[in-house]
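# Working through the structure, step by step
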Amino acid sequence: MLLSELEQAFESQKSFLSHASHELRTPLTTLMGTLETALTYDHTLEEARQSLGAGLEAARHLNGLTNSLLALAKVDGALPAPVPVRLDECLNQALEYAHSKYPGRELRLTFGDLPASEEADVFMVPGNAQLLTTALFNLLDNACKYSVGAIHSELGYAATHTLQVRITDTGRGLTPEELSHIYEPLYRAAGAAGRPGYGLGLPLTQKIVQRHGGRLELTSVAGEGTTATVWLPAV
């Protein structure tokens, strides 16, 4: 069992290094090629501006990828001491971010089962509000990015002392093979071709949820859509 886990960890690391090398090399090659071409062949201001624009786009991609990799590494490090956080406020903040990024998209929020309590803090979880908001926004971002219909979010209790957030879309969905790789850093499914992103949102979200003592699960049916479910321990 231990040998199998070590082999799996080694293969995951090997796959990550391969993907990282490719993802970092591509914008660097583009940037260097653009600058070399501009230096040799650009003779007018308009030609120089076009080259600078292409180089700037490659630099932005590289910067975004680097920041995402740093965020992934940061979650692996020491985190601030957990404090009581309202998960409903984190979800509402994530929904606001999604509304801003995808204006006009229909983002629904409903509430599921709640405990028979009159206390105002039924949605409290121990943790870090910024990280939890980031995790929930990443799930909403994926749902918006890979579907065109309404996105449905639901917050409620899955069991005693366990909060649940479920985010559902009606996009192209994922195959079982794609689902088996979605938590690998820099992995991108076939449907991600031509769409913005680095394949780091789900690995980052999974790490954030795990660092909060929770669990993330994605279920999907190709051609029908995907559901992301997060379970977190309540205060």
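Here the structure is shown first, and the text comes after it.
Quick look at the structure, then. What you are looking at is a predicted structure, and each value in this text was computed from that prediction instead of being measured.

## A closer look at the overall build of the protein
- Of the regular secondary structure elements, the protein holds six helices and seven strands.
- In the protein, buried positions account for 37% of the 235 residues.
- Summed over all atoms, the accessible surface of the protein reaches about 13,600 Å², with 57% contributed by carbon and sulfur.

## Overview of helix α4 (residues 129-145)
- The terminal C-alpha atoms of α4 lie 24 Å apart, and with 17 residues this matches the ideal 24 Å at 1.5 Å per residue to within 8%.
- Where burial is concerned, most of α4 is hidden: 13 out of the 17 residues are buried.
- Sitting at the head of α4, N128 places a side-chain oxygen 3.1 Å from the backbone nitrogen of Q130.

## Describing empty space enclosed by the protein
- Tallied over the entire structure, the rule returns one cavity of 30 Å³ or more.
- The wall of the largest cavity is formed by L132, A135, L136, L139, T205, V209, V230 and L232.
- Of all the secondary-structure elements, those providing two or more residues to the lining of the largest cavity are α4, α6 (201-211) and β7 (225-233).
- Of the residues in the lining of the largest cavity, the class split is seven nonpolar, one polar and no charged.

## Structural notes on the packing of α4 against α6
- Where α4 meets α6, the closest approach of the two axes is 9 Å, and the angle between their N-to-C directions is 145 degrees. Every pair of crossing elements has a handedness; the one defined by α4 and α6 is left-handed. Of the residues in α6, those touching α4 at L131, L132, T134, A135, N138, L139 and N142 are G201, L202, L204, T205 and I208.
- Across the contact of α4 with α6, the residue classes tally to seven nonpolar, five polar and no charged.

## Brief notes about the pattern of salt bridges
- Enumeration over the complete set of coordinates arrives at eight salt bridges.
- Residue D88 is joined to R86 by a salt bridge in which the shortest nitrogen-to-oxygen separation is 2.7 Å.
- Judged by relative accessible area, which is 27%, R86 ranks as partly exposed.

## Things to note about the side chain of S220
- In this fold, S220 is placed in strand β6 (residues 215-221).
- A relative accessible area of 16% places S220 in the buried class.
- Side chain to side chain, S220 and T226 meet in a polar contact 2.8 Å long.
- Not counting residues within four places of it along the chain, the set of residues in contact with S220 comprises G173, L174, L179, G225 and T226.

## So, the packing of aromatic side chains
- Overall, the coordinates contain two aromatic pairs when judged by the stated rule.
- Seen from their ring centres, Y97 and F137 are 6.1 Å apart, and the 90 degrees between their planes marks the pair as edge-to-face. In this pair, Y97 sits in helix α3 (residues 87-101) while F137 sits in helix α4, placing the two residues 40 residues apart along the sequence.
- Accessibility expressed as a relative area gives 17% for F137, which makes it buried.
- An angle of 35 degrees between the planes, with centres 5.7 Å apart, marks the rings of F111 and F123 as tilted.

## Observations concerning the sheet that holds strand β4 (residues 151-159)
- If you trace the five strands from one edge of the open sheet to the other, you get β2-β4-β5-β7-β6, paired in mixed fashion. A strand with exactly one partner marks an edge of an open sheet, and here the two such strands are β2 (107-111) and β6. Across this sheet, the average inter-strand angle for adjacent strands is 20 degrees, counted without regard to direction.
- Contacts between α4 and the sheet are confined to β2, β4, β5 (162-168), β6 and β7, with β5 contributing the most and set at about 25 degrees to the helix.
- Packing of α6 onto the sheet brings it into contact with β6 and β7, and relative to β6 it is tilted by some 140 degrees.

## Regarding the pairing of β4
- Two strands pair when backbone bridges link them, and β2 and β4 are joined in this way by five bridges, in the parallel orientation. Paired with T110 across the bridge in β4 is E154.
- Taken together, the seven bridges between β4 and β5 define a ladder with antiparallel strand orientation. Across the sheet, residue G156 finds its bridge partner in β5, namely Q164.
- Connecting β4 to the antiparallel partner β5 that follows it, the hairpin turn spans two residues, and H161 within it adopts a positive phi of roughly 65 degrees.

How each quantity is defined
Residues numbered from 1 in each chain as written. Predicted model: local features only at pLDDT ≥ 70, side-chain atom pairs only at ≥ 80, totals over all residues. Heavy atoms only, no water. Helix = DSSP H or I, 4+ residues; strand = E, 2+ residues; numbered from the N terminus. Buried < 20%, exposed > 50% of the residue type's maximum accessible area, 1.4 Å probe, protein only. Areas by Shrake-Rupley, 256 points an atom, 1.4 Å probe, with all protein chains shown as cover. Expected span 1.5 Å × (residues − 1). Polar contact = N/O pair within 3.5 Å; in protein donor to acceptor, adjacent residues only side chain to side chain. 1 Å grid on protein atoms, 1.4 Å probe; cavity = no way out; pocket = protein on both sides within 12 Å on 5 of 7 lines; lining within 4 Å. Points joined across faces, edges and corners; volume = space filled by probe spheres on them. Nonpolar A, V, L, I, M, F, W, Y, C, P; charged D, E, K, R; others polar. Axes fitted to C-alpha atoms, helices over the stretch in contact; angles between N-to-C directions. Left-handed = near helix turned anticlockwise from the far one by under 90°. Contact = heavy atoms within 4.5 Å. Salt bridge = Lys/Arg side-chain N within 4 Å of Asp/Glu carboxyl O. Phe/Tyr/Trp six-rings, centres within 6.5 Å; stacked < 30°, edge-to-face > 60°. Pairing = 2+ DSSP bridges.

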